[in-house]
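# Fold and geometry: a report
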6 protein chains.
Amino acid sequence: MTAFTHIDAQGQARMVDVSGKPATVREAVARGRVRLGERAFELLVRGEIPKGDVLAVARVAGIMAAKRVDQLIPLCHPLPVEAVEVHFEALAGEHAVEVEARVRTRAATGVEMEALTAVSVAALAIYDMCKSVDKGMTIETVHLVRKSGGKSGDWER
Amino acid sequence: MTAFTHIDAQGQARMVDVSGKPATVREAVARGRVRLGERAFELLVRGEIPKGDVLAVARVAGIMAAKRVDQLIPLCHPLPVEAVEVHFEALAGEHAVEVEARVRTRAATGVEMEALTAVSVAALAIYDMCKSVDKGMTIETVHLVRKSGGKSGDWER
Amino acid sequence: MTAFTHIDAQGQARMVDVSGKPATVREAVARGRVRLGERAFELLVRGEIPKGDVLAVARVAGIMAAKRVDQLIPLCHPLPVEAVEVHFEALAGEHAVEVEARVRTRAATGVEMEALTAVSVAALAIYDMCKSVDKGMTIETVHLVRKSGGKSGDWER
Amino acid sequence: MTAFTHIDAQGQARMVDVSGKPATVREAVARGRVRLGERAFELLVRGEIPKGDVLAVARVAGIMAAKRVDQLIPLCHPLPVEAVEVHFEALAGEHAVEVEARVRTRAATGVEMEALTAVSVAALAIYDMCKSVDKGMTIETVHLVRKSGGKSGDWER
Amino acid sequence: MTAFTHIDAQGQARMVDVSGKPATVREAVARGRVRLGERAFELLVRGEIPKGDVLAVARVAGIMAAKRVDQLIPLCHPLPVEAVEVHFEALAGEHAVEVEARVRTRAATGVEMEALTAVSVAALAIYDMCKSVDKGMTIETVHLVRKSGGKSGDWER
Amino acid sequence: MTAFTHIDAQGQARMVDVSGKPATVREAVARGRVRLGERAFELLVRGEIPKGDVLAVARVAGIMAAKRVDQLIPLCHPLPVEAVEVHFEALAGEHAVEVEARVRTRAATGVEMEALTAVSVAALAIYDMCKSVDKGMTIETVHLVRKSGGKSGDWER
């Protein structure tokens, strides 16, 4: 059984016990960016991407993804997400769209992953809607902007 | 960026913030009806629909759907559903089945959508089980009967 | 075991075997209606429902639901849905929104349930977005308009 | 309507109302066993199963399944799972792997089904990873070891 | 980077490439058993389990689980399941219920995991429905009975 | 109805019809990078991240996400993913992990979104496992490396 234990030793992933922590208000804001290239950016700004209203679809995708984090990220706790907003800003000089997600809940753990996942999935949805125009787009610098609540306190980038 | 903002303006769907609202007991009752036509109705009443026990399957479908509303309806909050019942009543004169769902929870928002979704999905499951007999069935007047709990108080149709 | 068999007899629901049927092009169109009442209808038409862009959200909800029918309706076969469109039409005289879904695939079974589910879930999403204005809305006459393909051939209401 | 009521009588499955019960700390431990046969057991112990690291994959599968019980088991309540651990032990004499899952939460109902489902799905994942070597494996004696919390109090096998 | 590679080496789980294999008819039959104890068995046989119609609910749970294997078992391929049946048999002498699942499809890989998962989840649903009566039930000897189709040919236990 | 049509005009998102396209072999490779910072990178390389085996968990997360793209990205077609691999490489000089996903299928549309989603979700899982050490990590330059198959032919970055 030594060999077996050895095999097992490294992989002992587990969902950390938070049952002793109180539910408090938690908030997280994350951001990322989709660099579209000139042509796709122009079509997006003019509302002429053939697959439909890119930002409305991407917003819904991001919001829904925030509710599904525990099914996507293996060790994340299920959380009763209580508010999600996804915002977009055009960065004309860079032919990019900035994506921002804000998530809030009352829970024993934070909503950082919910905010980051909302940004990532909204960005992927933008890619999907625009990929017939340009496959060379990139999703860049998805990061946490700030979070508040919980024992570790507030954090800001 | 003006154009972009304009594009974005109309679509700012968001999951409304309920993190300031207390969790209270919420209940909702919804109803709807599947009009089957004479032949499918008779087979259903006699338990002879070939695909199996229609009402048992539809009841399970409705109950499970009530637990999945946040994944179906984009802006609904995830809720810890604490009770779901789905009932059926035969309306012989109309060759119809009345579907009723009752849902209860303690949460910061109500369970109207959970009850309405349970009714709709149970009705769709009845349609599915009977469609080899008659494709002309209709799902009718899915509506909220009453709801209680929450700041907006009780409501009855 | 007699008693047991008896219990079991009525409930023998099963997913019907379609493994002997060829994959052919299937199409289905379904429709339904959300009766909103005057005030909600006016706000919807003017784009002033507070929760956001109702029709964009409902359209995404309907399209995504069409892809998830096998997880909602217990005995439905999983199908590689190949096209989904959800359209809305304002019925000013009735203060209602007509919802239409068209689904297409190549498969061994039809897409009637996919079209009906897309209509139902889009209608539920409209209800959800507007329910702060009026809880008395109803979802009405969800029905199959026509379907084509498969051994049973074409069907039109 | 007599006939109909009769049909309906037996199937009145429902999700039991727990909205009157307080949320308390609940814990459950379950165990089961995968009997692998000599060859698959040896390959597993030596880390030579071709499909990859069996135990790491099975552990993730078990943890994720514990979070999805309400979507698998029709009448289970959704629960905010707060801790999940899945452990494996080699039983060399029997060429078997013992699977143990521990789940904890604060909720109005217990987590027995979460622990049992984690064990079952982890065992199924082990089967899947090893089935190219041996299809004759069996999953054995999946059972509850103990549970604590709730009105019915502690229970130990 | 040596250390890193070493860490990575053992875990290279992957979904095996089946894109070169033809889709052929595949079938699998699996079985398992829930040992209930005398009291729960009697209540089940008499249809008096308080939570509702145990076998109808468990059958639906098993059928739906067969359609969701690719989301539960990490390395399983998504498959268009084309037929699922779940049967139960009372084993009075043992106070047990035998669960059997048969699954069929046309695909590039087999449906062994679909059949085994249907049995496991149906058994878990039986446990869930009866656990208020007896928590000492066990799920036993879940195994593949036979499979046919595919390059590895037929296999029978 | 003019106003209404106007509201509707911009949002006509739809799942594009691919039912006329033949199923051919499709492959896509995507890459991205998680910049960890020195401390988290060192702990990851030494296998000392407290939450468990980061890369094994992230690999499973990425593979499973590739199978769920049609449920995350609203207008993506469901696809029978037939091969998924997720690889990691340590970039010591940058304290980063490079993530690469390769996906293959036979289908009427490509698997670009599957590969990009696998990379994004694996990266998010790495973030989740390491965030107790450092919240300042970033997910960078998620992009398509190449794709082959389909009418639009091969594409390479």
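Residues numbered from 1 in each chain as written. Chains lettered and ligands numbered in written order. Predicted model: local features only at pLDDT ≥ 70, side-chain atom pairs only at ≥ 80, totals over all residues. Heavy atoms only, no water.

### Things to note about the overall build of chain A
Helix and strand counts for chain A come out as five helices and five strands. Reported as C-alpha extents along the three principal axes, the dimensions of chain A are approximately 60 × 40 × 25 Å. The contacts in chain A between residues at least 6 apart in sequence include a share of 72% that link residues at least 24 apart. Carbon and sulfur atoms form 47% of the exposed surface of chain A, whose accessible area is close to 5200 Å². A gap of 3 Å separates the mean positions of the 21 positive and 21 negative side-chain charges of chain A. (Helix = DSSP H or I, 4+ residues; strand = E, 2+ residues; numbered from the N terminus. Contact = heavy atoms within 4.5 Å. Areas by Shrake-Rupley, 256 points an atom, 1.4 Å probe, with all protein chains shown as cover. Lys, Arg positive; Asp, Glu negative; His and termini not counted. Charge placed at Lys NZ, Arg CZ, Asp CG, Glu CD.)

### Comments concerning the side chain of D:Asp53
All names here are of chain D. Residue placement: Asp53 occurs in the loop between helix H2 (38-45) and helix H3 (54-66). In this structure, Asp53 is buried with no salt-bridge partner, the nearest side chain bearing the opposite charge being Arg59 at 6.8 Å. A polar contact of 3.3 Å, which involves the side chain of Asp53, links it to the backbone nitrogen of Ala56. (Buried < 20%, exposed > 50% of the residue type's maximum accessible area, 1.4 Å probe, protein only. Salt bridge = Lys/Arg side-chain N within 4 Å of Asp/Glu carboxyl O. Polar contact = N/O pair within 3.5 Å; in protein donor to acceptor, adjacent residues only side chain to side chain.)

### Quick word on unusual backbone geometry
At D:His95, a residue that is not glycine, the phi angle is positive and equals roughly 50 degrees. Topologically, D:His95 is positioned in the loop between strand E2 (83-91) and strand E3 (96-107). The backbone phi angle of E:Thr141 is positive, close to 40 degrees, even though this residue is not glycine. Looking at the secondary structure, you find E:Thr141 in strand E4 (residues 138-148).

### A short note on the pattern of salt bridges
Residues and elements named next belong to chain A. Summed over all chains, the structure comprises 72 salt bridges over all chains. In this structure, Arg106 engages Glu82 in a salt bridge whose closest nitrogen and oxygen atoms are separated by 2.7 Å. Taken together, the residues span a long stretch of sequence, with Arg106 in strand E3 (residues 96-107) and Glu82 in the loop between helix H4 (69-72) and strand E2 (83-91) at a distance of 24 residues. Taking relative accessible area as the criterion, Arg106 reaches 25% and is therefore assigned partly exposed. Three or more residues joined by partner-sharing salt bridges are found here, namely Arg33, Arg35, Glu94, Glu98 and Glu140.

### Regarding the nonpolar core
Grouped together as the largest cluster of nonpolar side chains are 346 residues, with contacts concentrated most on A:Ile126, B:Ile126, C:Ile126, D:Ile126, E:Ile126 and F:Ile126. Once residues within four sequence positions are removed from consideration, C:Ile126 is found in contact with C:Val34, C:Leu36, C:Val54, C:Leu55, C:Ala58, C:Phe88, C:Val97 and C:Val99. (Core = buried A, V, L, I, M, F, W, Y, C linked by side-chain atoms within 4.5 Å.)

### Some words on the interface of chain E and chain D
Contact residues are listed per partner, giving 46 residues for chain E and 45 residues for chain D. Its largest share of buried area at the contact with chain D, chain E owes to E:Leu72, E:Leu124 and E:Lys135, together 16% of the area lost on that side. The interface formed by chain E and chain D holds zero salt bridges in total. Across the contact surface, chain E and chain D share 10 residue pairs in polar contact (both at pLDDT 80 or more). At the level of elements, helix H3 (54-66), helix H4 (69-72), helix H5 (112-130) and E4 of chain E are the ones that each hand at least two residues to the side of chain E that touches chain D. Of all the elements, H5(E) adds the most residues to the side of chain E that touches chain D, at 11 residues. When strand E4 (residues 138-148) of chain D meets E4(E), the two strands line up antiparallel, connected through four bridges. Bridge pairing in E4(E) places D:Val142 opposite E:Ile139. (Buried area = accessible area lost by both parts, 1.4 Å probe. Pairing = 2+ DSSP bridges.)

### A look at the UniProt feature "domain: Molybdopterin cofactor biosynthesis C (MoaC)" (unreviewed entry) in chain A
With numbering matched to this structure, UniProt assigns "domain: Molybdopterin cofactor biosynthesis C (MoaC)" (unreviewed entry) to residues 15-150 of chain A. Segment residues 15-150 of chain A splits into 32% helix and 32% strand. End C-alpha atoms: 18 Å apart. (UniProt positions renumbered as here; feature names shortened; annotations may be inferred.)

### Focus: the UniProt feature "active site" (unreviewed entry) in chain A
All names here are of chain A. Mapped onto this structure's residue numbering, the UniProt feature "active site" (unreviewed entry) falls at Asp128. With respect to the element layout, Asp128 can be found in helix H5 (residues 112-130). Among the polar contacts listed, one links the side chain of Asp128 to the side chain of Lys51, at a separation of 3.1 Å.

### Remarks on the relation of the copies chain E and chain D
For the match of chain E to chain D, the screw axis carries a shift of 0.0 Å, the RMSD comes to 0.0 Å, and the turn is 180 degrees. Here the transformation between the copies is reduced to the relation of a two-fold axis. Residue E:Glu140, judged by its C-alpha, is the member of chain E lying nearest the rotation axis, at 2.4 Å. (Least-squares fit on C-alpha atoms with pLDDT ≥ 70 in both.)

### Digging into the interface of chain C and chain A
With five residues of chain C in contact, the opposing surface of chain A contributes five residues. Carbon and sulfur atoms supply 78% of the area that chain C and chain A bury against each other, a total of about 370 Å² over both sides. If you sort the residues of chain C by the area they bury against chain A, C:Val60, C:Met64 and C:Arg68 come out on top, with a joint share of 68%. At the junction of chain C and chain A, the tally comes to zero salt bridges. If you look at where chain C meets chain A, you find zero residue pairs in polar contact (both at pLDDT 80 or more).

### Quick word on the packing of helix H3 (residues 54-66) of chain C against helix H5 (residues 112-130) of chain C
Residues and elements named next belong to chain C. Taken N-terminus to C-terminus, the directions of H3 and H5 make an angle of 145 degrees; their axes are 7 Å apart at the nearest point. The interaxial crossing formed by H3 with H5 has right-handed handedness. Counted together, Val54, Leu55, Val57, Ala58, Ala61, Gly62, Ala65 and Ala66 of H3 and Glu114, Thr117, Ala118, Val121, Ala122, Ala125, Ile126, Met129 and Cys130 of H5 form the full contact between these two elements. Here the contact of H3 with H5 is composed, by residue class, of 14 nonpolar, two polar and one charged. (Axes fitted to C-alpha atoms, helices over the stretch in contact; angles between N-to-C directions. Left-handed = near helix turned anticlockwise from the far one by under 90°. Nonpolar A, V, L, I, M, F, W, Y, C, P; charged D, E, K, R; others polar.)

### A few points about helix H5 (residues 112-130) of chain D
A rise of 1.5 Å per residue sets the reference length of H5(D), with its 19 residues, at 27 Å; its end C-alpha atoms lie 27 Å apart and thus fit the reference within 8%. The buried fraction of H5(D) is high, at 19 of 19 residues. (Expected span 1.5 Å × (residues − 1).)

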